[in-house]
Amino acid sequence: MTAAAPASTKPQYFLSYAVLGATVPFLSVLLKDRGLNEAQIGTVLGVSSLGVIFTPILVTVLADTRVAGRTIMGLLFALAGLFVALLVPARAFWPVLACFALHTFCLQAIFPLQDGVHFAAQAMRKSRGLSETPFQTVRVWGSVGYIVPGAILWFALGPATPDRAAGGAMTVAFYIAAACAAVGAVYALAFLPHTPPPPRDPAESRLPTAAAARALTRPHVFVFCCAMFLIHLGSQTYYFGYPLHLTERAGFAQKWIGPITAIGVIIEVFVMLGFRPMLERLGLRRIMYLGALATAGRLFLLALLPDMVTAVATQIVHGFTVVIVHIAAPTFLNAHASDRYRNSMQGLYAMTFAGAGRILGAFASGWLASYSLAIAFTAAGVVCTLAMVMFMFAFREPGADDHPEPRGFEVLPAEE
């Protein structure tokens, strides 16, 4: 298999998001069944998110300077699988905190790294005069992978499993995550495209992180990243609170968490595949503020209307929320990176904007939810509304109007 074969990155996205899909949709309910309260669950999520400050930037710098991305990714998958397997017997707060934090430290480093590997492989294809594979057609396999654990867990819980008994059966989610991580480690090492670090100029003493930081501080890029910080800050409340909302406010049994979550992810697949036509028709700025509006609107509805119909209906806009976070953001950043710091650009953003937003959002969600989930959802909705205002009035790409060609995704910056 050649280093630039684009299809070879699709299974990796499937496996990495399958690991995520085996934990995130069920974690709050599973931990509450183990005796943790809302504040403790928020602490687990917040502390585990601290790894985003360190691991993504460290591994992406290594990938840009010393070690091939697939080698690093194989090790990260193996460690992520080990730590999530250790969660199976963990019941008390501190063991759960330690195991899930270490698992997340490894898993969260994989996402920006695999984005960098994908974009590096596409740059290699372009240099050889071959056609590139659009990012959204590769990333969509992550959405498919995210759905699979919920379907498996549905059968594991059974159609008539009471919620209290389901608390033990839901531990199957951790086994699923561990198995997917193990397969991911093997696949990364054996089949992922080989994208070695680019050759460095002996006279160049600066780390690629420094060049990536300068690219991130360009005015239009910085505004974009600040708005995305707010989106991640508010969205964390959804991932923390939605499973609890379904089971405690809307009255669903635990076995319905997976299927209801899958509704949004299925819609997400179609939105991702339609991203390029939307970009050409609406332009990047409109996509971003409409996605922020959808994110805020969903949170406000969950706060105001705790019924079953609203809980399910809000999944309709999930795809528009995900597309701005997982498609538009990494593609926009890649367009403002060069080969020398392509991985570091993704890692630095994951650390300083996406990661910082998730950390603050997790702690704030747990604290606010200890008073009321409705208060937590409302606060998160306000934050995402502020992001929408930033995209509407402060974000402008140089030379772009309201209906631009997607030049922000086409033009790479000049090498320093």
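Residues numbered from 1 in each chain as written. Predicted model: local features only at pLDDT ≥ 70, side-chain atom pairs only at ≥ 80, totals over all residues. Heavy atoms only, no water.

**Notes on the overall build of the chain**
In terms of helices and strands, the chain carries 18 helices and zero strands. Relative to its full complement of 416 residues, the chain shows a buried share of 60%. Within the chain, contacts between residues separated by at least 24 positions form 87% of all contacts whose residues are at least 6 apart in sequence. Working note: accessible area of the chain is about 15700 Å², and carbon and sulfur atoms make up 71% of it. (Helix = DSSP H or I, 4+ residues; strand = E, 2+ residues; numbered from the N terminus. Buried < 20%, exposed > 50% of the residue type's maximum accessible area, 1.4 Å probe, protein only. Contact = heavy atoms within 4.5 Å. Areas by Shrake-Rupley, 256 points an atom, 1.4 Å probe, with all protein chains shown as cover.)

**Here's the deal with the packing of helix H13 (residues 275-282) against helix H14 (residues 284-304)**
Where H13 contacts H14, the axes come no closer than 7 Å and their chain directions differ by 110°. Classed by the angle they form, the pair H13 and H14 counts as roughly perpendicular. Contacts between H13 and H14 involve Phe275, Met278, Leu279 and Leu282 on the former and, on the latter, Leu284, Arg286, Ile287 and Leu290. In the contact of H13 with H14, the residues fall into seven nonpolar, no polar and one charged. (Axes fitted to C-alpha atoms, helices over the stretch in contact; angles between N-to-C directions. Parallel < 35°, antiparallel > 145°, perpendicular 65-115°, else oblique. Nonpolar A, V, L, I, M, F, W, Y, C, P; charged D, E, K, R; others polar.)

**Some words on the side chain of His103**
Here His103 lies in helix H6 (residues 93-127). Under the relative-accessibility criterion, His103 is labelled buried at 1%. Looking at His103, its side chain comes within polar contact range of the main-chain oxygen of Ala80, at 2.9 Å. What His103 contacts, discounting residues up to four positions off in sequence, is Val19, Thr23, Ala80, Phe83 and Val84. (Polar contact = N/O pair within 3.5 Å; in protein donor to acceptor, adjacent residues only side chain to side chain.)

**Thoughts on the nonpolar core**
Membership of the largest hydrophobic core comes to 128 residues, with the highest contact counts inside it found for Met228, Ile231 and Phe391. Ranked by the residues each element gives to this core, the list is headed by helix H11 (residues 219-249), at 15 residues. If we skip the residues at most four places from it in the chain, Ile231 touches Ala292, Ile324, Val325, Cys384, Ala387 and Phe391. (Core = buried A, V, L, I, M, F, W, Y, C linked by side-chain atoms within 4.5 Å.)

**Focus: the confidence of the model for the chain**
Chain-level pLDDT for the chain is 85 on average; 88% of the residues reach the 70-or-more range. Per-element mean pLDDT across the chain ranges from 51 in helix H8 (residues 163-169) up to 97 in helix H18 (residues 373-393). When the criterion is pLDDT under 50, residues 410-416 qualifies, and its contacts beyond four places in sequence or with other chains add up to 20 contacts. (pLDDT = per-residue confidence, 0-100.)

**What about the environment of Cys180?**
Structurally, the position occupied by Cys180 is in helix H9 (residues 172-191). Residue class for Cys180 comes out buried when judged on its relative accessible area of 16%. With sequence-adjacent residues up to four places away left out, Cys180 is seen in contact with Leu15, Ala18 and Val19.

**Some thoughts on the side chain of Ser344**
The residue Ser344 is located in helix H17 (residues 342-369) in this model. In contact with Ser344, not counting residues within four places along its chain, are Ile57, Thr60, Val61, Asp64, Pro208, Thr209 and Ala212.

**Re helix H3 (residues 38-49)**
The terminal C-alpha atoms of H3, which comprises 12 residues, lie 16 Å apart, in line with the 16 Å expected from a rise of 1.5 Å per residue. For H3, the full list of buried residues reads Glu38, Ile41, Gly42, Val44, Leu45, Gly46, Ser48 and Ser49. Of the surrounding secondary structure, the elements contacted by the buried residues of H3 are helix H2 (27-33), helix H4 (51-65), H6, H11 and H17. One side-chain oxygen of the residue at the start of H3 lies 3.2 Å from the amide nitrogen of Ala39, identifying that residue as Asn37. (Expected span 1.5 Å × (residues − 1).)

**Some thoughts on the environment of Ser370**
By secondary structure assignment, the location of Ser370 is in the loop between H17 and H18. Assessed through its relative accessible area of 40%, Ser370 is described here as partly exposed. Put simply, Ser370 and Glu38 are 332 residues apart on the chain and 5.5 Å apart in space, counted from C-alpha to C-alpha. Side-chain polar atoms of Ser370 contact the backbone oxygen of Trp367, separated by 2.4 Å.

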